[in-house]
Amino acid sequence: MSVSIAIDGPAGAGKSTIAKLVAEKLHIIYVDTGAMYRAMGLYFHRKGISPDDEAAICAACGEADVSIVYEGGAQQVLLNGENVTGCLRTEEAGKMASATSGYARVREKLVELQRKLAAAKSVVMDGRDIGTVVLPQADLKIYLTASVEARAKRRYLELTGKNVPCKIEEIARDIEQRDYQDMHRENSPLRKAEDALYLDSSEMSIREVADAIISALFEKLMSERTPDQNLEGALEEIIKKESDLR
Ligand code: DC
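This write-up is about the structure you can find in this document. (Residues numbered from 1 in each chain as written. Predicted model: local features only at pLDDT ≥ 70, side-chain atom pairs only at ≥ 80, totals over all residues. Heavy atoms only, no water.)

This paragraph deals with the overall build of the protein. For the protein, the count of helices and strands is ten helices and eight strands. Its C-alpha radius of gyration of 18 Å places the protein within 12% of the 18 Å reference for a compact globule of 246 residues. Here the C-alpha coordinates of the protein stretch approximately 55 × 40 × 35 Å along the principal axes. The proportion of buried residues among the 246 residues of the protein is 47%. For the protein, restricting intrachain contacts to residue pairs at least 6 apart in sequence, the fraction spanning at least 24 positions comes to 73%. Surface summary for the protein: the accessible area is close to 12,900 Å², and the carbon and sulfur share equals 50%. Taking the 33 positively charged and 40 negatively charged side chains of the protein as two groups, their mean positions are separated by 2 Å. (Helix = DSSP H or I, 4+ residues; strand = E, 2+ residues; numbered from the N terminus. Rg over C-alpha atoms; globule rule 2.2 N^0.38 Å. Buried < 20%, exposed > 50% of the residue type's maximum accessible area, 1.4 Å probe, protein only. Contact = heavy atoms within 4.5 Å. Areas by Shrake-Rupley, 256 points an atom, 1.4 Å probe, with all protein chains shown as cover. Lys, Arg positive; Asp, Glu negative; His and termini not counted. Charge placed at Lys NZ, Arg CZ, Asp CG, Glu CD.)

What follows is the structure in structure tokens.
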């Protein structure tokens, strides 16, 4: 049985942590699509291309080959054959990804790669446009969000935990700006798919959110099964694994 779960939402809502946990519980792969936009961003940054130069960015798209492999279940991103996974969470890659992910040419290229991955395997995929554009037929769509205050507080604790000096007000302003950019761009803006389940994680633990997603998946699959499909075995397996984790 192959399943696809799409998780969309704004930055800092906990998508990747939750998606990873759900994928682990279901024994399927987690596809982090933000990492792909970051890999393209890294390529443009290395080439010294201005993010405002759309023609140059589009031309460079053809030169950047992004591919995904899994090592011990963890996604690795290859850029023209080089494993760049460790370079993707930098300020430069993030800024460039944010500035160039609105270009149609960049999106077309990565959407094609994302669809290929989901066609080959069961996936939990997170991003901004997974339920609306990439996998409109996903078995389950989640729109995961949290208040600006909750997201700023989480980020603040994360940074101070690493001894990075920061101000919670500035983090909150940054989050609001990124939300606005993601939701108001012309190509594939962030929005909740009509049939997506809306989850606000502000007052929920990671485990509660992951459990809510897995329960929703069960319900959806059970409600859609045909009489000849025996889902009980597959579901019981997952429930068992879930209770083992508690
Ligand atoms: O989730 P993230 O911060 O790693 O994403 C990096 C950038 O890529 C961010 O600016 C939003 C963009 N992105 C996107 O446009 N579509 C996606 N499916 C995933 C990320």
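A word on the sheet that holds strand E2 (residues 29-32). Here we have five strands laid out as an open sheet, ordered E2-E6-E1-E7-E8, and parallel in their pairing. In this open sheet, the two edge strands, each paired with only one partner strand, are E2 and strand E8 (197-200). Between one strand and the next, the sheet's axes are offset by a mean angle of 20°, whatever the strand orientation. Each of strand E1 (4-8), strand E7 (140-145) and E8 touches helix H9 (residues 206-224); the most contacted strand, E7, lies at about 155° to it. (Pairing = 2+ DSSP bridges. Axes fitted to C-alpha atoms, helices over the stretch in contact; angles between N-to-C directions.)

Our focus in this paragraph is the site of the ligand. Taken together, 14 residues surround the ligand, and among them Thr33, Arg38, Arg107, Asp129 and Arg185 come closest. Contact with the protein chains covers 94% of the free accessible surface of the ligand, which is 450 Å². Those elements that provide at least two residues to the shell around the ligand are helix H2 (33-47) and helix H4 (91-100). With four residues, H2 is the single largest residue contributor to the shell around the ligand. Considered class by class, the residues forming the shell around the ligand number two nonpolar, five polar and seven charged. (Near = heavy atom within 4 Å. Nonpolar A, V, L, I, M, F, W, Y, C, P; charged D, E, K, R; others polar.)

Attention now moves to the nonpolar core. Of all hydrophobic cores here, the largest spans 38 residues; its most connected members are Phe44, Val66, Val77, Val106, Met125 and Leu135. Considering each element in turn, this core owes the most residues, eight residues, to H2. Excluding its chain neighbours within four sequence positions, the residues that come into contact with Met125 are Ile5, Ala6, Ile7, Val31, Thr33, Gln114, Ala118, Ile130, Val134 and Leu135. One finds Tyr30, Leu140, Val209 and Ile213 within the second-largest nonpolar core, a separate group that totals 25 residues. (Core = buried A, V, L, I, M, F, W, Y, C linked by side-chain atoms within 4.5 Å.)

Another aspect to go through is the sheet that holds strand E3 (residues 66-71). With antiparallel pairing, three strands are arranged side by side in an open sheet as E3-E4-E5. Two strands close off the open sheet at either side, each with one partner strand: E3 and strand E5 (82-83). Note that E3 and strand E4 (residues 74-79) share six bridges and pair antiparallel. Paired with Val69 across the strands is Gln76, a residue of E4.

Tracing the chain through its elements places Gln75 in strand E4. At a separation of 3.5 Å, a polar atom in the side chain of Gln75 contacts the side chain of Tyr70. Not counting residues within four places of it along the chain, the set of residues in contact with Gln75 comprises Tyr30, Val31, Asp32, Ala35, Ile68, Val69, Tyr70 and Thr85. (Polar contact = N/O pair within 3.5 Å; in protein donor to acceptor, adjacent residues only side chain to side chain.)

For residues other than glycine, phi is negative in most cases, and the peptide bonds are mostly trans. Its identity is not glycine, yet Asn80 carries a phi of approximately 45°, on the positive side. Among the secondary structure elements, Asn80 is positioned in the loop between E4 and E5. On the accessibility criterion, Asn80 (42% relative accessible area) is partly exposed. Positive phi, close to 60°, is recorded for Asn163, a residue that is not glycine. The topology assignment puts Asn163 in the loop between helix H7 (148-161) and helix H8 (168-184). With a relative accessible area of 69%, Asn163 lands in the exposed category.

For the rest of this paragraph, the subject is the state of the cysteines. In the structure shown here, the tally under the stated rule is zero disulfides. Cysteine Cys61 is unpaired, with the sulfur of Cys58 as its nearest cysteine sulfur at 5.8 Å. Using a relative accessible area of 0% as the deciding quantity, one classes Cys61 as buried. (Disulfide = S-S within 2.5 Å.)

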